[in-house]
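The residues making up each chain are set out below.
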Amino acid sequence: MKEHHYAVTVNWIGNTGEGTASYTAYQRDFNVEAPGKAPILGSADPAFRGNPERWNPEDMLLASISACHKLWYLHLCAVNNVNVLEYVDYPVGRLLEGDGQRKGHFKDAELRPQVIISSQSDLDLARRLHDDAHHECFIANSVNFPIRCSAVIKHQD
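Residues numbered from 1 in each chain as written. Predicted model: local features only at pLDDT ≥ 70, side-chain atom pairs only at ≥ 80, totals over all residues. Heavy atoms only, no water.

Draft legend 1. Molecular detail of the sheet that holds strand 3 (residues 40-42). Within the open sheet, the three strands sit side by side as 1-2-3. Their pairing is antiparallel. Two strands in the sheet have a free side with no partner beyond their single neighbour: strand 1 (9-12) and strand 3. Neighbour-to-neighbour, the strand axes of this sheet turn through a mean angle of 25 degrees, independent of strand direction. One ladder, built from three bridges, connects strand 2 (residues 30-33) with strand 3; its direction is antiparallel. Bridged to Phe30 within strand 3 is Gly42. (Pairing = 2+ DSSP bridges. Helix = DSSP H or I, 4+ residues; strand = E, 2+ residues; numbered from the N terminus. Axes fitted to C-alpha atoms, helices over the stretch in contact; angles between N-to-C directions.)

Below you can see the structure in the form of structure tokens.
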């Protein structure tokens, strides 16, 4: 079995001079950094005192699920002679705050890709390949909540 390693730096930059002296004394801002890559500007969700102009972990998780699915889908289409011309996804996810028995967690996520394929490509195969992409997606295989895919696939006009 091949093993791959990943490393990033998550650098909290929210100390306003008092550290975490109180719940309101600090900002939730952080930067995700890795050599040779642009930083990702992060914070908490605004519901948890975060900066609405920055990515929050929940956004990044949803984006990771969507991006992983898309990359597998494009690969599977390429090797199965389905020519994808456009792909845009509008994923949504639901997070539940703790209920006393369980801490906060994602309840589910739904991928909603809009895909345009060439007029020569097999529309039914293009639809089926989304199931295969979900099965292959490393991120989907790593989370403990259901992920649905509601793709809309059309031939190019």
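Now that the structure is up, let's keep going.
Draft legend 2. Highlighting the domain arrangement of the protein. The domain architecture assigned to the protein consists of domain 1 (9-48) and domain 2 (57-155). Computed from C-alpha coordinates alone, the two centres of domain 1 and domain 2 are separated by 29 Å. Between domain 1 and domain 2, the buried area comes to about 350 Å², and carbon and sulfur atoms account for 77% of it. Seen at the junction of domain 1 and domain 2, the total is zero salt bridges. In this assembly, domain 1 and domain 2 are joined by zero residue pairs in polar contact (both at pLDDT 80 or more). For the side of domain 1 that touches domain 2, the class distribution of residues is three nonpolar, one polar and one charged. (Domains from an automatic or database assignment. Buried area = accessible area lost by both parts, 1.4 Å probe. Salt bridge = Lys/Arg side-chain N within 4 Å of Asp/Glu carboxyl O. Polar contact = N/O pair within 3.5 Å; in protein donor to acceptor, adjacent residues only side chain to side chain. Nonpolar A, V, L, I, M, F, W, Y, C, P; charged D, E, K, R; others polar.)

Draft legend 3. Representation of the side chain of Asp108 in the model. Among the structural elements, Asp108 can be located in strand 6 (residues 105-111). Under the relative-accessibility criterion, Asp108 is labelled buried at 6%. In this structure the side chain of Asp108 is engaged in a polar contact, spanning 2.5 Å, whose partner is the side chain of Arg94. Residues within four places of Asp108 in sequence aside, it is in contact with Gly93, Arg94, Phe145, Pro146 and Arg148. (Buried < 20%, exposed > 50% of the residue type's maximum accessible area, 1.4 Å probe, protein only. Contact = heavy atoms within 4.5 Å.)

Draft legend 4. How the structure looks around a nonpolar patch on the surface. A cluster of nonpolar side chains, Tyr23, Phe48 and Leu95, forms an exposed patch at the surface whose accessible area comes to about 290 Å². By the element assignment, Leu95 lies in strand 5 (residues 92-96). (Patch = residues over 30% accessible without salt bridge, like charges linked within 9 Å, V, L, I, M, F, W, Y side chains within 5 Å. Areas by Shrake-Rupley, 256 points an atom, 1.4 Å probe, with all protein chains shown as cover.)

Draft legend 5. Representation of the sheet that holds strand 7 (residues 114-117) within the structure. Reading across the sheet, the three strands line up as 4-7-9 and stay open at both edges, with mixed pairing between neighbours. Two strands lie at the open edges of the sheet, namely strand 4 (84-88) and strand 9 (152-155), each paired on one side alone. Averaged over all pairs of adjacent strands, the angle between strand axes in this sheet comes to 15 degrees, irrespective of strand direction. In the sheet, strand 7 pairs with strand 9 via four bridges, with the strands oriented parallel.

Draft legend 6. A look at the nonpolar core. Tyr73, Leu76, Cys77, Val82, Tyr87, Val115, Ile117, Leu125, Ala126, Leu129, Ala133 and Ile153 together form the largest nonpolar core, which totals twelve residues. Taken together, the elements giving at least two residues each to this core come down to helix 1 (57-79), strand 7 and helix 2 (123-136). Top contributing element to this core by residue count: helix 2, with four residues. Non-local contacts of Val115, meaning those with residues more than four positions away in its chain, are made with Tyr73, Val84, Glu86, Tyr87, His130, Val152, Ile153 and Lys154. Grouped together as the second largest cluster of nonpolar side chains are ten residues, Leu62, Ile65, Phe106 and Ala140 included. (Core = buried A, V, L, I, M, F, W, Y, C linked by side-chain atoms within 4.5 Å.)

Draft legend 7. Structural detail: helix 1. Spanning 23 residues, helix 1 covers 33 Å between terminal C-alpha atoms, matching the ideal 33 Å at 1.5 Å per step. For helix 1, the set of buried residues is Met60, Leu62, Ile65, Ser66, Cys68, His69, Tyr73, Leu76 and Cys77. The N-cap of helix 1, judged by a side-chain oxygen 2.9 Å from the amide nitrogen of Glu58 a few residues on, is Asn56. Within two residues after helix 1, Asn81 carries a phi angle of roughly 60 degrees, on the positive side. (Expected span 1.5 Å × (residues − 1).)

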